[in-house]
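# Observations on the model geometry
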Amino acid sequence: MLGTTIQHYKVGERLGAGGMGEVYLAQDVRLGRPVALKFLPPALKADPDSRARLLNEARAASLLRSPNIAVTYDIGEYAGADFIVMEYVEGELLSRRVAKGPLPAREVVEGGLQVADALDDAHARGIIHRDIKSANLIRTERGLVKVLDFGLAKIRPASTDVAITQPQVSMPGMVVGTISYMAPEQALGRSVDHRADLFSLGVVLYELATGRTPFAGGSATEIIDRI
């Protein structure tokens, strides 16, 4: 992928990879700016549910206007694989920052306020993130905290006047998210609303202040039991 030109994006280094996507740094040669391109992993690019989840992520993030949420610019397709074009945010993930030790109280409060503002924007538009965790929050050198990765977001119309068509990307009883940060109802696979994101934010604040998550265990079952 390195050095490949996709449409008007010249692909550079891989920034990270997970179960639901691979993210690359790229240069928008038309506008002369760095961007982040997110692709489905090769094993999932033909899976309709995974493609629906990726497009759902782009749709959810594109509806938001908060400065504390990474901007989604566009979606595209290359060699049969869908991808999202996103704002490249240069900074440090809070998960890496807290791995060095607890943050000063002032940084915890300031970061928490910014994430809360981002969630307020999302929830007002009927969007539930469902995966708020320190690894999905990044802080720039100027102290701006941005929420990343809306891959598990659930869109609910904020009012009956708004029509949003969303593909079915999860089923009742299906647990999605990162267990250590889940609200009890989310860990049990039940229906969730905006309060699940607030619970997860509380877990993040605890983690940033203490250097550890409040719910830990040797297995997923033990963590869920403690939650």
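Our subject is the structure that appears above.
Summary of the structure given here. (Residues numbered from 1 in each chain as written. Predicted model: local features only at pLDDT ≥ 70, side-chain atom pairs only at ≥ 80, totals over all residues. Heavy atoms only, no water.)

### Re the environment of Val 98
Residue position: Val 98 is located in helix α2 (residues 94–98). Look at Val 98 and you get buried, because its relative accessible area is 5%. Each C-alpha atom of the pair Val 98 and Glu 207 lies 7.6 Å from the other, and the pair is 109 residues apart in sequence. When residues no more than four places from it in sequence are discounted, the contact partners of Val 98 are Leu 103, Glu 207, Leu 208 and Gly 211. (Helix = DSSP H or I, 4+ residues; strand = E, 2+ residues; numbered from the N terminus. Buried < 20%, exposed > 50% of the residue type's maximum accessible area, 1.4 Å probe, protein only. Contact = heavy atoms within 4.5 Å.)

### Points about unusual backbone geometry
The phi torsion at Ala 79 lies on the positive side, around 50 degrees, for a residue other than glycine. Among the secondary structure elements, Ala 79 is positioned in the loop between β5 (72–78) and β6 (81–87). A positive phi is found at Arg 130, a non-glycine position, where the angle reads about 70 degrees. Mapped onto the elements, Arg 130 comes out in the loop between β8 (127–128) and β9 (137–139). Owing to a relative accessible area of 7%, Arg 130 belongs among the buried residues under this scheme.

### Quick word on helix α3 (residues 105–124)
Along an α-helix, residues three or four apart share an orientation, since each turn contains 3.6 residues. An ideal rise of 1.5 Å per residue puts 28 Å on 20 residues; α3 measures up with 28 Å between its terminal C-alpha atoms. Turning to α3, its buried residues number three or more, namely Val 108, Gly 111, Gly 112, Gln 114, Val 115, Ala 118, Leu 119, Asp 121, Ala 122 and His 123. Taken together, the buried residues of α3 touch β8, β9, β10 (145–147) and α5 (194–210). (Expected span 1.5 Å × (residues − 1).)

### Describing the pairing of strand β4 (residues 33–39)
For β4, the tally of buried residues reaches 5 of 7 residues, placing the bulk of the element in the interior. Relative to β4, strand β3 (residues 21–28) runs antiparallel, the two sharing 7 bridges. Residue pairing in the sheet places Val 23 in a bridge with Lys 38 of β4. Connecting β3 to the antiparallel partner β4 that follows it, the hairpin turn spans 4 residues, and Gly 32 within it adopts a positive phi of roughly 65 degrees. Relative to β6, β4 is paired through 5 bridges, and the arrangement is antiparallel. Across the sheet, the residue bridging to Val 35 is Glu 87, located in β6. (Pairing = 2+ DSSP bridges.)

### A closer look at the environment of Gly 211
Examined against the element boundaries, Gly 211 turns out to sit in the loop between α5 and α6 (220–226). By relative accessible area, Gly 211 is classed as partly exposed at 36%. C-alpha of Gly 211 to C-alpha of Leu 2: the two residues are 209 residues apart in sequence and 36 Å apart in space. Contacts of Gly 211, omitting those with residues within four sequence positions, involve Val 98, Pro 102 and Tyr 206.

### Considerations on the sheet that holds strand β1 (residues 5–6)
For sheets, the rule is that strands pair by backbone hydrogen bonds, running either parallel or antiparallel. With respect to topology, 6 strands assemble into an open sheet ordered β1-β2-β3-β4-β6-β5, the strand pairing being antiparallel. Single-partner strands in this sheet number two, and they are β1 and β5. Set on the sheet, helix α1 (residues 48–62) makes contact with β4, β5 and β6; between it and β6 the angle comes to about 25 degrees. (Axes fitted to C-alpha atoms, helices over the stretch in contact; angles between N-to-C directions.)

### Here we look at the nonpolar core
Buried together is how nonpolar side chains tend to be arranged in soluble globular proteins. Core analysis: the biggest nonpolar cluster contains 28 residues, and Val 115, Ile 127, Leu 137, Val 147, Phe 150 and Leu 208 have the highest contact counts within it. Contributing elements (two or more residues each) for this core: α1, α2, α3, β10 and α5. No other element matches the 5 residues that α3 contributes to this core. Those residues in contact with Phe 150, other than ones at most four positions away along the chain, are Glu 57, Ala 60, Ala 61, Leu 64, Ile 69, Ile 127 and His 129. (Core = buried A, V, L, I, M, F, W, Y, C linked by side-chain atoms within 4.5 Å.)

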